[in-house]
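If you want the building blocks of each chain, they are given just below.
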Amino acid sequence: MIPPHAVVIPFGVPSEGRGLGIGLAALVHAFARTAGGGVALAQLQARQPDDRPGGPSTPVEAFLSPSAWKEVAGRGDGPTGVGVVVTGAFEPPMDGEGTIQLLAFDARDGRTCAKMDAPVDGEHAGARLVDAFEQLWSSLGGELRGLQGLRELGWDALESVLRAERCALHDPSRGGPYDRMAAMLHLGRAIGDAPGARYPVERLAALALEIGSGPVLDPKLAAASVRALERALADAPNSVDLLEALAALMLRMGQPREAERRMNVAIAAAPTRARPYAILGQALRAQGNLDGALAVLQAGRAASKGDPLLSIEQGMVLAARGDLEGAGAAWREVLAREPYNPGAFARLAALALQAHDLGAAQALVDAALAAREAHPDVFRSAIPLALSSETEGLARASRIRRLCERVLERLPNDAAALLRMAEALVVLGQRIEARTRLDQLERTAPQSAAAADGQVQRLALDDPRAHTELQSVLRAANDAAVARLGDIAVRARNLAMAHNAWHGWLAVAVAERRRSRWTVARGALDAALELAPGATLVRIEMARCLLALGDAKSALSQAESAVALDGTSPLALSILARSLAAVGRTAEARETGRRVLSMKPDDGEIRDMLQKLQQKPRFAWVRNLWARRI
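Below: a short report on this structure.

Cut-off values and rules
- Residues numbered from 1 in each chain as written.
- Predicted model: local features only at pLDDT ≥ 70, side-chain atom pairs only at ≥ 80, totals over all residues.
- Heavy atoms only, no water.
- Helix = DSSP H or I, 4+ residues; strand = E, 2+ residues; numbered from the N terminus.
- Rg over C-alpha atoms; globule rule 2.2 N^0.38 Å.
- Areas by Shrake-Rupley, 256 points an atom, 1.4 Å probe, with all protein chains shown as cover.
- Lys, Arg positive; Asp, Glu negative; His and termini not counted.
- Charge placed at Lys NZ, Arg CZ, Asp CG, Glu CD.
- Buried < 20%, exposed > 50% of the residue type's maximum accessible area, 1.4 Å probe, protein only.
- Pairing = 2+ DSSP bridges.
- Phe/Tyr/Trp six-rings, centres within 6.5 Å; stacked < 30°, edge-to-face > 60°.
- Lys NZ or Arg CZ within 6 Å of the ring centre and 35° of its normal.
- Expected span 1.5 Å × (residues − 1).
- Arc of directions from axis to C-beta.
- Core = buried A, V, L, I, M, F, W, Y, C linked by side-chain atoms within 4.5 Å.
- Contact = heavy atoms within 4.5 Å.
- Salt bridge = Lys/Arg side-chain N within 4 Å of Asp/Glu carboxyl O.
- Axes fitted to C-alpha atoms, helices over the stretch in contact; angles between N-to-C directions.
- Left-handed = near helix turned anticlockwise from the far one by under 90°.
- Nonpolar A, V, L, I, M, F, W, Y, C, P; charged D, E, K, R; others polar.
- Polar contact = N/O pair within 3.5 Å; in protein donor to acceptor, adjacent residues only side chain to side chain.
- Parallel < 35°, antiparallel > 145°, perpendicular 65-115°, else oblique.

## Describing the overall build of the chain
- If you tally the helices and strands in the chain, you get 30 helices and 11 strands.
- Taking 2.2 N^0.38 as the reference for a compact globule, 630 residues should give roughly 25 Å; the C-alpha atoms of the chain span a radius of gyration of 26 Å, in line with that estimate.
- A total accessible area of about 27200 Å² is found for the chain, and carbon and sulfur atoms account for 49% of it.
- The averaged location of the 72 negative side-chain charges in the chain is 7 Å from the averaged location of its 75 positive side-chain charges.

## Let's talk about the pairing of strand S6 (residues 84-91)
- With 7 of 8 residues buried, S6 lies mostly within the body of the structure.
- Here 3 bridges tie strand S1 (residues 6-8) to S6, and the two strands are oriented parallel to one another. In the sheet register, Ala6 faces S6, and the bridge partner there is Val84.
- By the bridge criterion, 8 bridges tie S6 to strand S7 (residues 97-106) in an arrangement that is antiparallel. When the bridges of S7 are listed, Gly88 appears paired with Leu102.
- Counting the residues between successive antiparallel strands, the hairpin from S6 to S7 contains 5 residues, one of them, Gly96, with a positive phi of roughly 125°.

## With respect to the packing of aromatic side chains
- Scanning all chains against the criterion turns up 3 aromatic pairs.
- Pairing Phe31 with Tyr199 gives two aromatic rings, centres 6.3 Å apart and planes at 65°, and the pair type is edge-to-face. Here Phe31, found in helix H1 (residues 20-31), pairs with Tyr199, found in helix H6 (residues 198-212); they are 168 residues apart in sequence, far enough to count as distant. As far as burial versus exposure is concerned, Phe31 and Tyr199 are alike and both buried.
- Between Arg166 and the ring centre of Tyr178, over which it is positioned, the NZ or CZ distance is 3.8 Å.

## A look at helix H28 (residues 586-599)
- Over its 14 residues, H28 runs 20 Å from end to end, which matches the ideal 20 Å to within 8%, given 1.5 Å per residue.
- Among all positions in H28, only Thr586, Ala589, Thr592, Gly593, Val596 and Leu597 are buried. All buried residues of H28 fall inside an arc of 145° around its axis, so they share one side. Turned more than 90 degrees from where H28 packs its buried face, Ala587 and Arg594 sit exposed.

## Some remarks on the nonpolar core
- Ranked by size, the top nonpolar core spans 99 residues in total, and within it Phe90, Ile100, Trp137, Leu150 and Leu242 carry the most contacts.
- A per-element tally of this core places helix H8 (residues 240-252) first, with 10 residues.
- Core analysis: the next-biggest nonpolar cluster, separate from the first, contains 61 residues, Val510, Ala521, Ala524 and Met542 among them.

## Remarks on helix H10 (residues 274-286)
- The terminal C-alpha atoms of H10, which comprises 13 residues, lie 19 Å apart, in line with the 18 Å expected from a rise of 1.5 Å per residue.
- Within H10, the full set of buried residues consists of Ala274, Pro276, Tyr277, Ala278, Ile279, Leu280, Gly281, Ala283 and Leu284.
- Summarising the contacts, the buried residues of H10 are in contact with H8, helix H9 (256-269), helix H11 (290-304) and helix H12 (308-320).
- At the exit of H10 stands Gly288, carrying a positive phi of roughly 85°.

## Looking at the pattern of salt bridges
- Taken as a whole, this structure holds 33 salt bridges when the rule is applied.
- Residue Glu390 pairs with Arg399 through a salt bridge whose shortest N-O separation is 2.9 Å.
- Note on Arg399: relative accessible area 18%, which makes it buried.
- Residue Glu442 is joined to Arg458 by a salt bridge in which the shortest nitrogen-to-oxygen separation is 4.0 Å. Taken together, the residues Glu442 in helix H19 (residues 431-444) and Arg458 in helix H20 (residues 449-462) connect sequence positions 16 residues apart.
- For Glu442, a relative accessible area of 27% translates into the label partly exposed.
- Arg458 sits in the buried class, given a relative accessible area of 15%.
- Members of the salt-bridge network, linked through shared partners, are Arg198, Glu202, Asp241, Glu244, Arg273 and Arg275.

## Remarks on the packing of H19 against H20
- Across the interface, H19 lies against H20 with an axial gap of 9 Å and an inter-helix angle of 145°. With respect to the hand of their crossing, H19 and H20 are arranged in left-handed fashion. Facing Arg431, Arg435, Leu438, Asp439, Leu441 and Glu442 of H19, the residues of H20 in contact are Ala450, Ala451, Gly454, Gln455, Gln457, Arg458, Leu461 and Asp462.
- Grouping the amino acids of the contact of H19 with H20 by side-chain chemistry returns 5 nonpolar, 3 polar and 6 charged.

## Quick look at the environment of Trp69
- Along the chain, Trp69 turns up in helix H2 (residues 66-75).
- Relative accessible area serves as the criterion here: at 3%, Trp69 is assigned to the buried category.
- The spatial distance from the C-alpha of Trp69 to the C-alpha of Leu613 is 59 Å, given a sequence separation of 544 residues.

## With respect to the side chain of Ser579
- As for its placement among the helices and strands, Ser579 is situated in helix H27 (residues 570-582).
- When sequence neighbours within four positions are dropped, the list of residues in contact with Ser579 reads Leu547, Ala555, Leu556 and Ala559.

## Some words on the side chain of Ser304
- Residue position: Ser304 is located in helix H11.
- Within the local environment of Ser304, its side chain forms a polar contact with the backbone oxygen of Gly300, the two atoms lying 2.7 Å apart.
- Setting aside residues up to four positions removed in sequence, Ser304 forms contacts with Thr272, Ala274 and Leu310.

## A closer look at the packing of helix H23 (residues 502-514) against helix H24 (residues 518-531)
- Where H23 contacts H24, the two axes come as close as 8 Å, and the packing angle between them is 165°. One element, H23, and the other, H24, form an angle in the roughly antiparallel class. Crossing handedness for the pair H23 and H24: left-handed. Residues Trp502, Trp505, Leu506, Val508, Ala509, Glu512 and Arg513 of H23 form the contact with H24, whose own contacting residues are Trp518, Val520, Ala521, Ala524, Leu525, Ala527, Ala528 and Leu531.
- Residues that form the contact of H23 with H24 fall into these classes: 13 nonpolar, no polar and 2 charged.

## Remarks on unusual backbone geometry
- Positive phi, normally seen in glycine, also occurs at Asn500, with a value near 50°.
- Structurally, Asn500 can be placed in the loop between helix H22 (485-499) and H23.
- In this structure, Ser516 takes a positive phi of about 65° despite not being glycine.
- Position of Ser516 among the secondary structure elements: in the loop between H23 and H24.
- Given a relative accessible area of 48%, Ser516 falls into the partly exposed group.

Here is the structure:
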């Protein structure tokens, strides 16, 4: 029996194969299981010798010896609680035959647990790699799930898959995949090379479904996804997976009738498959046909023997009807059968937050804490529930730390989990470890919203008095009488410069904005973004400022960045709705505005905007309206 936690290091590859080592490690991370759960992926970063602190870094792909791992772990770059480290080297079969070398060793004493060395030929590259990993994992007492689809791939298709997996891997600085568009292009190439293979088709469909379900849709990425799916359908015309993904994207792009048409075709081709019914239900819901949606979902439940996807969508339809009790019952039904279904868990968590249901929130937190192996989204959903439903103190901090540990076991550099972990450690009195986590956050995800908040937390640790002063001046910038704002702006500027603090520059901008000194406010916001590109509040304030200055296009870019950083925030969605209206994207402005009102029904400004959009299809008035109000 292996120790409870394992981690895989991106494998060493030759320079011309850069990225393949990360792709291989990503597959292990996704599909390997040990006696203690999943396998974390250590996304290590290396800087050039002449790089300045905080400068750009590159991902490490290397065969890591036990002594090198000990050094990495000592710096705090590796995940905690590791029992086994898996490392290796891969020589791709680009010019004939390649090799795969694998080593698993005990993280504590460097003892070899298992090793494997095997040739990899081009024609059977997928099968050779799967065999090597299976032999290593069987020696460790673990198992691999889902890799069998790679067996049918030759090297050309497998190389495209590995590069796609590298691009699809979670990037802490982006809060999402490293490069979804590139991932889809690579998978499309793999489908062209091996149109009958299941893995590339299913993976491309899964990526497209993720794009369609994100908090904000990138129009360019969505259009590129549609093109990739249509090209893949030309190569694999009988793939229901690709049809489902295409319909889901069309639905998100505001084309529910086209999505409905595609899913009727899919249901005719695969009448017992659940997802087409679920997507068809979504399409009918989007058209306001709630009775039709419920009828489709009922038919799907009968045909597919009650797939959880259908119950989750049934809850969404009931919520659209205003039946929150029925929606909650549908999602609880899913959890009764699959206790850690991430979709149902996340929706129940959102419902508990919306209803301020402390009992439901604490029950969900308890369930997450009891899970040894679950999707990271389950633990992510539980963290805000614990923060909102429990009294601040040692007990809450201890529970949040445990939830963060669950996330970091699978995603060692997850930005939000690192921040929440550091905050919990401060409350628990573990200040040195908290600072280590904040340093890791700044090093691995400097562009993230969590890194911006981490800068504030680090100042609170290093200089509590300065932290208190900055919090005070930011409150004053928002709340003080207009006559005092000039002095407040001067004080905030001095603090920002003395402590290199982005929230000091934000205070300057807020004070100057309230004095209608838009250009000065914009300059302060530029300074804040240089220090903390992921500061969501700064992005929101910048969008407000740009709207007032008449630059609606740039305002929209800032608003989209704010939503990408914090897609669940009504404040970020509100400025996005205003910016969409200002550039003439009426339908999207209405949809986003309605989302804001569903979370914040008393937002009078958004309600007024929706009324005006209904009255005036053309809205040159929008820029001036928001310039007056912000």
